[in-house]
Amino acid sequence: MARATSLRVVFCLFASWLLVCGLRAEETATTKREGESRIEFLRTEIARHDELYHRHASPEIGDAEYDALKRELHALLAAYPEFGDRERTPVFDDRDGRFATARHAVPMRSLAKTYEEEGLRRFHRAVVERAGRANVRFVVEPKMDGIAISAVYEHGRLVRVVTRGNGEEGDDVTRNASAIASLRAELRADFGGSAMPERIELRGEVFMDWAEFERINRTEAREGTAGTFAHPRNLAVGSLKASDDSTTRERTLDVVFFGWGEWTPQDSAPATQDEFRNRVRAWGLPVPEPIVFAEDEDGLVRAVLQAGEVRRGLAFPTDGVVVKLDRVDARETLGEGSEGPRWAVAYKFPADEAATTLRDVRWQVGRSGAVTPVAEFDPVVVAGANVARASLYNPAWFARLGLHVGDTIRVARAGEIIPVVVGVDASRRLPGADAFTVPTACPSCAAVLSNTMGGNAIRCVARACPARVARSVEHFASDACLDIDGLGTATIERLVSAGLVRSPADLYALRIEDLETMGGLGANAARALVLSIERTRSAEAWRWLQGLGIPRVGATNARRLATLFPEPTELLHAITDEAVGAVLGSQLGAATAIEVRAWFEDAENREVFERLFAQRMGRPSSEVSDGPLAGLVFVFSGQLAGATRKEASARVKALGGETSGEVSRRTSHLVVGARPGASLRKAESLGMTILDEAAFERLLEAASTSATALDAP
Ligand code: IVH
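Residues numbered from 1 in each chain as written. Predicted model: local features only at pLDDT ≥ 70, side-chain atom pairs only at ≥ 80, totals over all residues. Heavy atoms only, no water.

1. Points about the overall build of the chain
Scanning the chain from terminus to terminus reveals 26 helices and 22 strands. When burial is assessed residue by residue, the chain has 49% of its 713 residues classed as buried. Within the structure as shown, the chain displays about 32400 Å² of accessible surface, and the carbon and sulfur contribution to it stands at 52%. (Helix = DSSP H or I, 4+ residues; strand = E, 2+ residues; numbered from the N terminus. Buried < 20%, exposed > 50% of the residue type's maximum accessible area, 1.4 Å probe, protein only. Areas by Shrake-Rupley, 256 points an atom, 1.4 Å probe, with all protein chains shown as cover.)

This is the structure in structure tokens:
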């Protein structure tokens, strides 16, 4: 906790800057002039968040905060219509200039939103009033949380995939979208016997399921630049709009279809949403599930509230439900309103939030030196999980909240995974409470922090910073890299503070007696640790390359580097070669090639690299592996009942097999537990052996008793 006077000065500077910008969340406009400047501010702020969300896929605030800004703008515009027309609020233009654009035959509209039961009831009443009670039957579908697309099929063949763009014209992402397995290139003939339409625009959402999101966060995010991703939507957007389609291919995306634009010939268009869903399914394309029909107002409210509960068990992210009139002719009588069609409404679920008392703000130093704030508070249950720490995103978000010791704060779980502090109740602040401040010195090594991105980031640039060293050793030892058993955070921190480890290169020089005298490890644990470090000397080269923590070099790029440089030490002199640079650029992408080169141009990095690779034994572990499962690669998906994944993979390895976190062409067996993720579909499409837990058990038993029992799982 920082209370020093000098730090308070920094905070005051921040606070006055915030006041000038009118950033205080609790501030409300009272006079017309204040109203005008607040409107101006809100427009700019919303545009900035739109940009972060849609274009950079890295939102700074949660959906609830964003929607609150929008609602405030709408309320102000209703009070002061002279400052703008709320009817004109356009959809955000997701085009980013990197793709060819294509025009939609029928524009893609947005939808009116509501957050409350009352809004839902108002919608129901308005529809009944215009369409007549007899025609009113609603379909309640999950509102998929990804990126909207329009897939154009001509005579059953996929010709183009376009993002919503500005509603009239979007980015042509056909090439990237072709990596989505569930997006069929050719529609199946409709068993109902109806002819294939000449041309249809199918409207849907590309998204990523939770299992895939978690897999990527575990592996890819260790690349060092992005950190962990806050929400699968950001990854879905990033993958669909990736500049090279190999990124899309490494990540499993999914799609569902919930509507249509053009339908030629028009007289063959579906008469109801239900019929649309059946036709789409018959063609072999997915539709949103589960759905409920509702016939009257109370039934609709019940269905929506129930969907809010069901949503927690779904395998994919949703941020609400879309309620739509089933009958298309009734839709036509309702027509379009300012925010979208009058026959549908999006009901957004309230964010799961809880109030608690803030105790401390800790500033965490990452591997790259980025210093980020973390709130520590009295434990509280949010969306079914007990949390006591939450992210404060970055110094700008932290400053915006203006936190004091003992404040009552609101904690939410963004995307229901990573808890974040979303607000503070300043009215309940204790008199004389100390304000938390942005540090000027590194909390780990006291070096002066450098301030970058206009106060949006602070960074410790000291190489020897113990926190940075510990995080980089932790990365090196993690499952994704060298997978050193028995080397956890506590041991790493002890090794660093005892001065035994200054970089990952020091690990291979550790002796059993060093570890024993350091304290914290008994004789057996010390011996086991040295052994497990030893064992990793022959790990595959890509693991070592990934372990270096070069920005943007995660498993995939490390593998590519290892393929290009089977003897990685050649990188030391090859890196400055123009021709090598061009090859790296084409294999890894320009941005990664630049990072790799910059990393190798740094003298200290080169020294760590040389020392590290001098300790490596250049034989891939798969070649030395021996045993009944040698040559087989197992992937686990879903929850195993009988063992943790770690235990299961230890058993596979003990029998000479390999395990991997993701399904690829190398995978030989997929072992599925409860609620398997997207890997199941991928495994099916690649035609590999799929085992349930019982079959997996039998295989292991057979393997341990006989070396020839592999064909009979
Ligand atoms: S129907 C005229 N159904 O939510 C728009 N939209 O705010 C008709 N979305 O842009 C849209 N799941 O990208 C519809 N089951 C669903 C949906 C859904 C997600 C998205 C869609 C749309 C936005 C509306």
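2. Considering the packing of aromatic side chains
According to the stated counting rule, one finds 17 aromatic pairs in the structure shown. Aromatic side chains phenylalanine 609 and phenylalanine 613 sit 4.4 Å apart centroid to centroid with 25° between the ring planes, which places their arrangement in the stacked category. Of this pair, phenylalanine 609 and phenylalanine 613 both sit in helix H22 (residues 603-614), four residues apart, which is roughly one turn of the helix. Each of the two residues, phenylalanine 609 as well as phenylalanine 613, counts as buried. One cation-aromatic arrangement involves arginine 559 over tryptophan 542; the distance from NZ or CZ to the ring centre is 4.1 Å. (Phe/Tyr/Trp six-rings, centres within 6.5 Å; stacked < 30°, edge-to-face > 60°. Lys NZ or Arg CZ within 6 Å of the ring centre and 35° of its normal.)

3. Some details on the sheet that holds strand E21 (residues 669-672)
What the four strands build is an open sheet, ordered E20-E19-E21-E22; its pairing is parallel. The open sheet terminates on both sides in strands that have one partner only, identified here as strand E20 (658-660) and strand E22 (689-692). Each strand axis lies, on average, 30° off the axis of its neighbour in the sheet, ignoring direction. Alignment of E21 against E22, held across four bridges, turns out to be parallel. When the bridges of E22 are listed, histidine 669 appears paired with threonine 689. Contacts from helix H24 (residues 645-654) reach strand E19 (633-637) and E20 within the one sheet, and its direction differs from that of E19 by about 165°. (Pairing = 2+ DSSP bridges. Axes fitted to C-alpha atoms, helices over the stretch in contact; angles between N-to-C directions. Contact = heavy atoms within 4.5 Å.)

4. A look at the packing of helix H18 (residues 555-564) against helix H20 (residues 578-588)
Closest axis-to-axis distance for the H18/H20 pair is 10 Å, and the angle between their directions is 140°. As far as their axial angle goes, H20 and H18 are oblique. Relative to H20, H18 is oriented so that their crossing is right-handed. Along its contact with H18, which presents Asn557, Arg560, Leu561 and Leu564, the element H20 presents Val583, Leu584, Gln587 and Leu588. Residue composition of the contact of H18 with H20, by class: five nonpolar, two polar and one charged. (Parallel < 35°, antiparallel > 145°, perpendicular 65-115°, else oblique. Left-handed = near helix turned anticlockwise from the far one by under 90°. Nonpolar A, V, L, I, M, F, W, Y, C, P; charged D, E, K, R; others polar.)

5. As for the site of the ligand
Around the ligand lies a shell of 14 residues, among which Glu141, Pro142, Met144, Glu205 and Lys324 are the nearest. A distance of 2.8 Å is found between a nitrogen atom of the ligand and a side-chain nitrogen or oxygen belonging to glutamate 141. Here methionine 144 contributes a backbone N or O atom positioned 2.9 Å from a nitrogen atom of the ligand. Protein contacts shield 88% of the accessible area of the ligand, which totals 520 Å² for the unbound molecule. Of all the elements in the fold, those that place two or more residues in the shell around the ligand are strand E3 (138-144) and strand E10 (318-325). In terms of residues, the shell around the ligand owes the most to one element, E3, which gives four residues. (Near = heavy atom within 4 Å. Polar contact = N/O pair within 3.5 Å; in protein donor to acceptor, adjacent residues only side chain to side chain.)

6. Some remarks on unusual backbone geometry
Note that the residue after threonine 264, namely proline 265, is joined by a cis bond; omega there is 0°. Here proline 265 lies in the loop between strand E8 (254-264) and helix H9 (273-282). Glutamate 289 connects to proline 290 through a cis peptide bond whose omega is -5°. For proline 290, the location among the structural elements is in the loop between H9 and strand E9 (292-294). The backbone phi angle of histidine 155 is positive, close to 50°, even though this residue is not glycine. Checked against the element boundaries, histidine 155 lands in the loop between strand E4 (147-154) and strand E5 (157-163). Note on histidine 155: relative accessible area 57%, which makes it exposed. For aspartate 483, which is not glycine, the phi dihedral falls at a positive 55°. Note on aspartate 483: relative accessible area 23%, which makes it partly exposed.

7. Quick notes on the environment of alanine 582
Its location among the elements puts alanine 582 in helix H20. Sequence spacing of alanine 582 and alanine 593 is 11 residues, and the spatial spacing of their C-alpha atoms is 8.6 Å.

8. Things to note about the nonpolar core
Counting residues in each nonpolar core, the largest one holds 51 residues, and the members touching the most others are Ile484, Leu507, Leu515, Leu545, Leu584 and Phe600. Of the residues forming this core, the biggest block, five residues, is contributed by helix H13 (residues 466-477). Among residues more than four places away in sequence, those in contact with leucine 545 are Ala558, Leu561, Ala562, Pro568, Leu571, Phe609 and Phe613. Counting residues in each nonpolar core, the second largest holds 40 residues, with Ile61, Leu358, Ile409 and Val421 among its members. (Core = buried A, V, L, I, M, F, W, Y, C linked by side-chain atoms within 4.5 Å.)

9. A short note on the side chain of aspartate 145
Relative to the helices and strands, aspartate 145 resides in the loop between E3 and E4. Relative accessible area serves as the criterion here: at 4%, aspartate 145 is assigned to the buried category. Looking at aspartate 145, its side chain comes within polar contact range of the side chain of arginine 233, at 2.9 Å.

10. Observations concerning the packing of helix H4 (residues 117-131) against helix H10 (residues 297-310)
Geometrically, a packed helix pair is captured by the angle between its two axes and the distance between the axes. Running from N to C, H4 and H10 point in directions that differ by 140°, and their axes come no closer than 10 Å. Here H4 is positioned oblique relative to H10, judged by the angle of their axes. Seen along the crossing, H4 lies across H10 with a hand that is right-handed. Contacts between H4 and H10 pair Glu117, Leu120, Arg121, His124 and Arg125 from the former with Glu297, Asp298, Leu300, Val301, Val304 and Leu305 from the latter. A class-by-class count of the residues in the contact of H4 with H10 yields five nonpolar, one polar and five charged.

11. Regarding H18
Burial of H18 is extensive: seven of the 10 residues sit out of reach of the surface. Here H18 has its buried residues at Ala555, Thr556, Asn557, Ala558, Arg560, Leu561 and Ala562.

12. Examining helix H7 (residues 232-240)
H7 sits mainly inside the fold: eight of its nine residues count as buried. Taken as a whole, H7 has its buried residues at Pro232, Arg233, Asn234, Leu235, Ala236, Val237, Ser239 and Leu240.

13. Overview of the side chain of arginine 215
Considering the arrangement of structural elements, one finds arginine 215 in helix H6 (residues 210-218). What makes arginine 215 buried here is its relative accessible area of 9%. At 3.2 Å, the side chain of arginine 215 forms a polar contact with the side chain of glutamate 662. Other than its neighbours up to four places away in sequence, arginine 215 contacts Glu250, Arg251, Gly661 and Glu662.

14. A few points about the pairing of E5
Direction of pairing for E4 relative to E5: antiparallel, over a ladder of six bridges. Considered in E5, the bridge of valine 152 is made with arginine 160. Between the end of E4 and the start of E5, which pair antiparallel, lie two residues, with histidine 155 showing a positive phi angle near 50°.

15. Thoughts on the environment of threonine 101
Tracing the chain through its elements places threonine 101 in strand E1 (residues 101-103). Judged by its relative accessible area of 42%, threonine 101 falls in the partly exposed class. Spatially, the C-alpha atoms of threonine 101 and aspartate 171 are 4.5 Å apart, while their sequence positions differ by 70 residues.

16. So, the confidence of the model for the chain
Looking at the chain, the pLDDT average stands at 84 and 86% of residues meet or exceed 70. For the chain, the element scoring lowest by mean pLDDT is helix H1 (residues 5-21), at 40; strand E7 (residues 199-207) scores highest, at 98. Low pLDDT (under 50) marks residues 706-713, which in the prediction has 11 contacts with non-local residues, meaning those over four places away or in another chain. (pLDDT = per-residue confidence, 0-100.)

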